[in-house]
Amino acid sequence: MTGHKQGAHKSKESSKKTESSSHAHQKLRASDGNAHGKNKIVSTTAIEHPSSTGVIYVMDRAQEMGWTDGDKEWGNFGQGAPEVGHIEGAMDKPNTITMETREFEYAPVAGIPALRKAVADLYNARYRKDHDSKYAAENVCIVPGGRAGLTRVASILGEQNVGFFLPDYTAYEQLLTIFKRFVPIPTPLVNQNEFQITPDFLRTEVSQRGLGVVVCSNPANPTGRVVMGDEMKEWIEIAKEQHATLVLDEFYSSYIYTHGEEDIGKGVSAAQHIADVNKDPVIMVDGLTKNFRLPGWRVCWVVGPKDVISSMQAAGSFLDGGANHPLQQAAIPLLEPSRVDKDSAALQRHFKSKRDFVIKKLHELGLKARTPDATFYVWLDLSTLPEPLNNGLHFFEECLAEKVILVPGIFFDINPGRRRELFHSPFHHFVRLSFGPPMEQLERGLAGIGRVLKKHGVKAE
């Protein structure tokens, strides 16, 4: 690609650049809650303005540039959600819900018993057929969204060193900031075997940093990596040996593209490798949002030992009060195991075809993209582009001008308390593209990226 060597070579001048040299970074810092240090508001000195998650900032900037939901001129690679319409081979989702009078009442804070049992039965059917230790309703807590589940988990953590890996889900930054009893400890994966977390690497991190808790997404957002099989079994053994707890965000557990045809539809979960559901220190968070393509329902769950779930129920009583009662009831038939298997097979075929399409087009544009094993994200490396296109935040602004939305890589550099400068983040040269939206949006987005490259004289080889 023309100009690539220019981007790959880092001069002494460019290495001295900071956020103040970048208009795109200054625009970010000027937005509410994103300044360095304290972010006091004007009306009262008692309140600090929290920063928005990276995706929210991205969508706010897109709206400022004229994007509206459903706009047929834009390509949206930004929103971390799957398409919600019908896909070939999948069961149709309900369009109407019939409610009983009792569903006008509050649901129990831990969720309605029938849904808790349905989640437990699903995990036993999909992941624990060969295990004597089975999940029961008491091992499940229903929560109003994945972030609510993770917040409940964070709220019950004691004085621990909490390890997390970079890059990872943007909302972890706020989650690891608001609770002060534990110490968040980051581990960058930029040179770690293409963002892969091997068991040996995990063991070293836990033992040398004294980690009492490890939080990560698996499959991983944004890299598309997945830990499964014997590697996940070893992760769990490491946690037990080192007296650590694994908190695994498994929201993409059905978006797996490494299966052979005979295994199409199978998910990936730590639940498959847990020996004792009430003793092994593993907490899993999942829900209807991604795998069931129902992000608007905000019905999710946490699965773990019974004493953990009891603690989460207590935390939910003052944090969020619980999930929507009618939608909990409506979710129960969707969790029937044979239905889930069929839907997962359709999902994997459909999203794999979109993944392959996006990767092929990016390569045709001369861009450097690793093919993800899971999720619906491409972690796109811009480092070979000429300056300033190799700056992910600048590339994002250039794409907005061509009606394309994507997420700069710096937002996945989890930075509790905004302690570090972002310009020299190891993910400064990355952006995340979502192939979650329908194909026509992906086509528009790729065409817009092509226009950005052409505008700057960058040609595919």
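Residues numbered from 1 in each chain as written. Predicted model: local features only at pLDDT ≥ 70, side-chain atom pairs only at ≥ 80, totals over all residues. Heavy atoms only, no water.

Trainee: For this particular structure, what's the right way to read the overall build of the protein?
Mentor: Counting secondary structure elements, the protein contains 14 helices and 13 strands. Total accessible area on the protein is roughly 19,900 Å²; 51% of this is exposed by carbon and sulfur atoms. (Helix = DSSP H or I, 4+ residues; strand = E, 2+ residues; numbered from the N terminus. Areas by Shrake-Rupley, 256 points an atom, 1.4 Å probe, with all protein chains shown as cover.)

Trainee: Explain a nonpolar patch on the surface here, please?
Mentor: Among the surface-exposed residues, Ile97, Met99 and Phe104 lie close enough to one another that they form a single nonpolar patch of about 320 Å² accessible area. With respect to the helices and strands, the residue Met99 is situated in the loop between strand S1 (75-76) and helix H5 (113-127). The exposure class assigned to Met99 is partly exposed, which follows from its relative accessible area of 44%. (Patch = residues over 30% accessible without salt bridge, like charges linked within 9 Å, V, L, I, M, F, W, Y side chains within 5 Å. Salt bridge = Lys/Arg side-chain N within 4 Å of Asp/Glu carboxyl O. Buried < 20%, exposed > 50% of the residue type's maximum accessible area, 1.4 Å probe, protein only.)

Trainee: What is the right way to read the pairing of strand S10 (residues 377-381) from this model?
Mentor: A regular strand carries its side chains on alternate faces of the sheet. For S10, the buried fraction is high: five of the five residues fall into the buried class. Burial along S10 is two-sided: Tyr377, Trp379 and Asp381 and Val378 and Leu380, pointing in opposite directions, are all buried. Taken together, the two bridges between strand S9 (residues 368-369) and S10 define a ladder with antiparallel strand orientation. Bridged to Lys368 within S10 is Asp381. Relative to strand S13 (residues 430-434), S10 runs antiparallel, the two sharing five bridges. The residue of S13 that forms the bridge with Trp379 is Arg432. (Pairing = 2+ DSSP bridges.)

Trainee: Is there a simple way to think about the environment of Val458 in this case?
Mentor: On the secondary structure map, Val458 appears in the segment after helix H14 (439-455). Given a relative accessible area of 6%, Val458 falls into the buried group. When the C-alpha atoms of Val458 and Leu385 are compared, they prove to be 7.9 Å apart, with 73 residues separating the residues in sequence.

Trainee: Please clarify how the sheet that holds strand S6 (residues 245-249) should be interpreted in this entry.
Mentor: Hydrogen bonds along the backbone pair up the strands of a sheet, which may run parallel or antiparallel. Pairing is mixed in the open sheet, where seven strands are placed in the order S2-S8-S7-S6-S5-S3-S4. The sheet terminates laterally at strand S2 (140-143) and strand S4 (183-188), the two strands that pair on one side only. Neighbour-to-neighbour, the strand axes of the sheet open up by a mean angle of 20 degrees, direction not taken into account. Where strand S3 (residues 161-166) lies against S4, six bridges are found, and the strand directions are parallel. Looking at the pairing, Leu166 lines up with Pro188 of S4. This element, H5, spans S2, strand S7 (282-287) and strand S8 (300-303) of the sheet and lies at about 120 degrees to S2. This element, helix H8 (residues 199-209), spans S3, S4 and strand S5 (213-217) of the sheet and lies at about 145 degrees to S4. (Axes fitted to C-alpha atoms, helices over the stretch in contact; angles between N-to-C directions. Contact = heavy atoms within 4.5 Å.)

Trainee: What exactly am I supposed to notice about the pairing of S3 here?
Mentor: Of all six residues in S3, five are buried; the element is thus mostly enclosed. Handedness of the β-α-β unit built from S3, helix H7 (residues 172-178) and S4 comes out right-handed. Two strands pair when backbone bridges link them, and S3 and S5 are joined in this way by three bridges, in the parallel orientation. Residue pairing across strands places Val162 opposite Val213, the latter belonging to S5. (Right-handed = clockwise from strand over helix to strand, strands pointing away.)

Trainee: Is there a simple way to explain the pattern of salt bridges in this structure?
Mentor: Oppositely charged side chains may form a pair once their charged atoms are brought near each other. For the structure shown, the criterion picks out 26 salt bridges. Between Lys354 and Glu83 there is a salt bridge; the shortest N-O distance is 2.6 Å. With a gap of 271 residues between them, Lys354 in helix H12 (residues 337-364) and Glu83 in the loop between S1 and H5 connect regions that are remote in the sequence. Each member of the pair, Lys354 together with Glu83, is buried. Ionic pairing is found between Asp373 and Arg225, a salt bridge with its closest N-O pair at 3.7 Å. Of this pair, Asp373 sits in the loop between S9 and S10 while Arg225 is found in the loop between S5 and helix H9 (230-241), placing the two residues 148 residues apart along the sequence. Residue class for Arg225 comes out buried when judged on its relative accessible area of 14%.

Trainee: Please explain the side chain of Asn76 as it appears in this structure.
Mentor: You can see Asn76 is positioned in strand S1. Within polar-contact distance, the side chain of Asn76 engages the backbone nitrogen of Gln79 at 3.3 Å. Excluding residues that lie within four positions of it along the chain, Asn76 makes contacts with Met59, Trp67, Ile405, Ser434, Pro437 and Gln441. (Polar contact = N/O pair within 3.5 Å; in protein donor to acceptor, adjacent residues only side chain to side chain.)

Trainee: Sorry if this is basic, but what is going on with the sheet that holds S9 here?
Mentor: The strand order across the open sheet built from four strands is S9-S10-S13-S12, with neighbouring strands paired in antiparallel fashion. Looking at which strands have only one partner, the edges of the open sheet turn out to be S9 and strand S12 (407-408).

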